[in-house]
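Architecture and fold: a report
Below, each chain spelled out in residue letters.
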Amino acid sequence: MIQRIQSIYLVIVALISSVLPFFVNLWSDAQGTEIYASNEIFISIAFYVSALLALWAILLFKNRKNQFVVNRLNMILNLFLLGFFVYRSLNLSGETLVSEKGIGMLIPVFSIVFLVLANRAIKKDEDLVKSVDRLR
């Protein structure tokens, strides 16, 4: 059902991915201008896809296995985003392009944590349904 705890976790992921990257800076360049997700088209599309996957997973509450798979896809997308941020911040040397890292680079980490919590709750529900089916 929609009122389960995994739905709350998925709503948090959707809010984190759709709202937060556009208000929290990802990094600052050498001139001091702050870069947000709206400045980078690839990053903003990835964040929107992550939010849409979380909302789609909420609507799949009747099919827990598909909900679990969609959350895994969302985790993979957030891992790619995190890898891109790490590559961007560590690979460039000195004051080339990235001068200061922003707190926005941690948004995929928070999303992954809430997705893991949602998957645990989905697994717990699935195990509960299987145990009830065994009693019949």
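Bear in mind that the values here come from a model prediction, so they are computed numbers and not experimental data.

1. Points about the pattern of salt bridges
Counting across every chain of the model gives 3 salt bridges. A salt bridge links Arg4 to Asp125, with the nearest nitrogen and oxygen atoms 3.3 Å apart. Pair noted here: Arg4 is in the segment before α1 (5–18) and Asp125 is in helix α4 (residues 107–135), with a separation of 121 residues, a long-range link.

2. Some words on the side chain of Ser111
Position of Ser111 among the secondary structure elements: in helix α4. Sequence-distant contacts of Ser111, that is, excluding residues within four places in its chain, are made with Val13, Ile16, Ser17 and Asn78.

3. Quick word on helix α2 (residues 41–59)
A rise of 1.5 Å per residue sets the reference length of α2, with its 19 residues, at 27 Å; its end C-alpha atoms lie 27 Å apart and thus fit the reference within 8%. Taken together, the buried positions of α2 are Ile43, Ser44, Ala46, Phe47, Ser50, Ala51, Leu53, Ala54, Ala57 and Ile58.

Thresholds applied
Residues numbered from 1 in each chain as written. Predicted model: local features only at pLDDT ≥ 70, side-chain atom pairs only at ≥ 80, totals over all residues. Heavy atoms only, no water. Salt bridge = Lys/Arg side-chain N within 4 Å of Asp/Glu carboxyl O. Helix = DSSP H or I, 4+ residues; strand = E, 2+ residues; numbered from the N terminus. Contact = heavy atoms within 4.5 Å. Expected span 1.5 Å × (residues − 1). Buried < 20%, exposed > 50% of the residue type's maximum accessible area, 1.4 Å probe, protein only.

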